[in-house]
Amino acid sequence: MSRALIGCRAAGCRKELGAGTVLAAGIAILLCLLLAAVAMAVQAGAASSRAAKTADLAALAAADAARGLISGEPCLRAAEVARKHGAALQDCRRIGPSGHIVDVDVAVPLRLLGWLDSPWREAKGVSRAGRPPGRGP
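Everything in this summary refers to the structure shown in the same document. As the structure is a prediction and not an experimental result, all values here were calculated from the model. (Residues numbered from 1 in each chain as written. Predicted model: local features only at pLDDT ≥ 70, side-chain atom pairs only at ≥ 80, totals over all residues. Heavy atoms only, no water.)

Here's the deal with the state of the cysteines
Here a disulfide denotes one covalent bond, and it connects the sulfur atoms of two cysteines. Where we set the bar: The disulfide criterion is simple: two cysteine sulfur atoms within 2.5 Å. Think of it this way: any DSSP run of H or I at least four residues long counts as a helix, any run of E at least two long counts as a strand, and we number them from the N terminus.
This structure, assessed with the given rule, holds one disulfide. Here Cys75 pairs with Cys92 through a disulfide, and the sulfurs are 2.1 Å apart. Linking Cys75 and Cys92, the disulfide has an S-S dihedral of approximately -85° and is accordingly described as left-handed. One end of the pair, Cys75, is in helix α3 (residues 74–84); the other, Cys92, is in strand β1 (residues 88–95), and 17 residues separate them in sequence.

What follows is the structure, encoded as structure tokens:
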């Protein structure tokens, strides 16, 4: 027997049990889960921003159509703009005495979070547009 092995037995040394490998694997899994959570948060933030911008653009297009500045039915214009920006028009309402003010609700799907239950399946955007106060049609 070698002297190192005899000295280890006398000092009470134990054999390697693989705890370092298990610890490294656990840390790697934890880091992967943390990275997935950060990716979900970033994707949700980007979808929320995109939903707000799309709602603004759709409401502006609908308000322009309601005022007669562009041709077409206002809510159809809003739906077209929302679709072109990867969103779905959920609601479109014309309000006011002349109907020149338009409220628009849009939803942008969250692809990474799509497997979760509602309300986490989509980011929503709401906007209102119309003619400026005190101005003509």
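Alright, that's what it looks like, and here's the rest.
Things to note about the packing of helix α2 (residues 19–67) against α3
As a reminder of what qualifies: Axes, fitted as lines to C-alpha atoms, cover a helix only where it is in contact. Angles between the N-to-C directions of the axes lie from 0 to 180 degrees. Should an angle fall under 35 degrees it is called roughly parallel, over 145 degrees roughly antiparallel, and 65 to 115 degrees roughly perpendicular, with every other angle called oblique. Left-handed describes a crossing whose near helix is turned anticlockwise from the far helix by less than a right angle; the clockwise case is right-handed. Note on definitions: a residue-residue contact is assigned when non-hydrogen atoms from the two residues lie within 4.5 Å. As a working rule, the residues Ala, Val, Leu, Ile, Met, Phe, Trp, Tyr, Cys and Pro are called nonpolar, Asp, Glu, Lys and Arg charged, and the rest polar, with Gly in that last group.
Where α2 meets α3, the closest approach of the two axes is 8 Å, and the angle between their N-to-C directions is 150°. Here α3 runs roughly antiparallel to α2, going by the angle between their axes. For the pair α2 and α3, the sense of crossing is right-handed. From α2, Thr54, Leu57, Ala58, Ala61, Ala62, Ala65 and Ala66 reach across to α3, where they touch Pro74, Arg77, Ala78, Val81 and Ala82. Among the residues making up the contact of α2 with α3, the classes are represented as 10 nonpolar, one polar and one charged.

Description of α2
Using the following cut-off: Multiplying 1.5 Å by the residue count of a helix minus one yields the expected span of that helix. Exposure is judged per residue with a 1.4 Å probe applied to protein chains only, and the accessible area is read against the type maximum: over 50% gives exposed, under 20% gives buried, and values in between give partly exposed.
With 49 residues, α2 should cover 72 Å at 1.5 Å per step; its first-to-last C-alpha distance of 72 Å lies within 8% of that length. If you check which residues of α2 are buried, you get Ala47, Ala51, Thr54, Ala55, Ala58, Ala59, Ala61, Ala62, Ala63, Ala65 and Ala66. Contacts made by the buried residues of α2 are with α3, β1, β2 (101–109) and β3 (122–129). The positive-phi residue at the C-terminal boundary of α2 is Gly68, with phi of around 85°.

With respect to the sheet that holds β1
Operational definition: Paired strands, in this sense, are two strands between which DSSP finds at least two bridges.
What the three strands build is an open sheet, ordered β1-β2-β3; its pairing is antiparallel. Strands at the two margins of the open sheet, each flanked by one partner only, are β1 and β3. Sheet twist, expressed as the mean angle between neighbouring strand axes with direction ignored, is 10°. Relative to β2, β1 is paired through seven bridges, and the arrangement is antiparallel. By the bridge assignment, Arg94 is partnered in β2 with Val102. Sheet contacts for α2: β1, β2 and β3; angle to β3, the most-contacted strand, approximately 30°.

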